[in-house]
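Results of the structural survey
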Amino acid sequence: MEWLAAGDEVWTFEGTAQPLRWVGHRRLSARDVARHPKLRPVWIGEGAPAQGAPGHGLCVAPDTQLLLTGPKVSLNFGLDQALVQAGDLINPPPMHGNSQGLTYFMLLFDKHEVLLANGQLCASLFADAGVRDLLARQFSTLPPDIRHHRFALPCLTEWEAGIVRAGQIFGKPQRLVVAA
């Protein structure tokens with residue numbers, strides 16, 4: 001993510017190259033993460049439920065949307081594919097310290113997109129009016145003309161994600177953990 005810049009063309013799940021409009025990043029200290037457990041990253045390991053789970057793993061923000069596909073998604077939710085927040089796929093974790101802190105990256109396109117990140121299909125930043133206004137107060141470089149009105153794909157609710165988390169879809173507990 002560090003090497004991406006506004007204007008770069010990025011291949012999307014739809015099979016088209018889209019221009020990246022903005023790349024944001026936010027550094028959180030270990031203290032920030034300890035004070036705000038909802039900011040703690042989710043580690044997606046090998047065998048995680050989302051489509052294309054990487055062998056090396058991926059660390060994402062808890063509100064990062066991951067793509068779920070397959071016959072069990074269709075059977076349980078009536079959808080061929082759906083997005084689900086990574087943080088909704090884990091049970092509330094115990095508090096652990098993180099001595100180094102972390103940096104979250106945000107990728108913004110003209111519309112909400114699904115991308116491949118380290119072998120994991122996940123969504124770009126969804127900038128509806130509320131998110132956009134919040135980010136505009138923090139980042140002066142945010143393009144003023146982008147407001148998303150539709151998600152790239154249907155999104156599972158927290159309750160539906162609980163079904164996935166409990167292993168009722170994939171038959172065993174999932175391999176998502178919160179990074180310590």
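This text gives an overview of the structure that appears in the document. (Residues numbered from 1 in each chain as written. Predicted model: local features only at pLDDT ≥ 70, side-chain atom pairs only at ≥ 80, totals over all residues. Heavy atoms only, no water.)

**Considering the nonpolar core**
Side chains of nonpolar character tend, in soluble globular proteins, to be buried together. Put simply, the rule reads: Nonpolar core, defined: a set of buried Ala, Val, Leu, Ile, Met, Phe, Trp, Tyr and Cys residues in which side-chain atoms within 4.5 Å join the residues together. Here the term buried applies to any residue with accessible area under 20% of the maximum for its type, exposed to any over 50%, and partly exposed to those in between, with areas from a 1.4 Å probe on protein chains only. A run of H or I in DSSP counts as a helix once it spans at least four residues, and a run of E counts as a strand once it spans at least two, with each numbered from the N terminus. It only takes one pair of heavy atoms within 4.5 Å for two residues to be counted as in contact.
Of all hydrophobic cores here, the largest spans 19 residues; its most connected members are L66, V84 and L156. Elements supplying a minimum of two residues to this core: β4 (42–44), β5 (58–60), β6 (65–69), α2 (71–77), β7 (81–85) and α4 (158–165). Per element, the largest residue contribution to this core is 3 residues, and it comes from α4. Those residues in contact with V84 that sit more than four places away from it in its chain are T64, Q65, L66, L68, L89, L156 and A161. In terms of nonpolar packing, the next biggest core, distinct from the first, is built from 9 residues, W22, M106, L108 and I146 among them.

**Remarks on the pairing of strand β10 (residues 120–123)**
Stated precisely, the cut-off is as follows: The pairing criterion is simple: DSSP has to find at least two bridges between the two strands.
Alternating residues of β10 divide into Q120 and C122 and L121 and A123, and every residue in both groups is buried. As paired elements, strand β9 (residues 114–117) and β10 share 4 bridges and run antiparallel to each other. Looking at β10, one finds that V114 is bridged to A123. Between β9 and β10, which pair antiparallel in sequence order, lie 2 residues; one of them, N118, sits at a positive phi of approximately 55°.

**Here's the deal with the pattern of salt bridges**
Applicable threshold: The term salt bridge refers to a pairing of a side-chain nitrogen on Lys or Arg with a carboxyl oxygen on Asp or Glu at a separation within 4 Å.
In this structure the tally under the stated criterion is 5 salt bridges. A salt bridge links R21 to D110, with the nearest nitrogen and oxygen atoms 2.4 Å apart. Here R21, found in the loop between β2 (17–19) and β3 (22–28), pairs with D110, found in the loop between β8 (102–108) and β9; they are 89 residues apart in sequence, far enough to count as distant. Classification of R21 by relative accessible area gives partly exposed; the value is 25%. Taken together, the salt bridges that share partners define one network made up of E14, K111 and E113.

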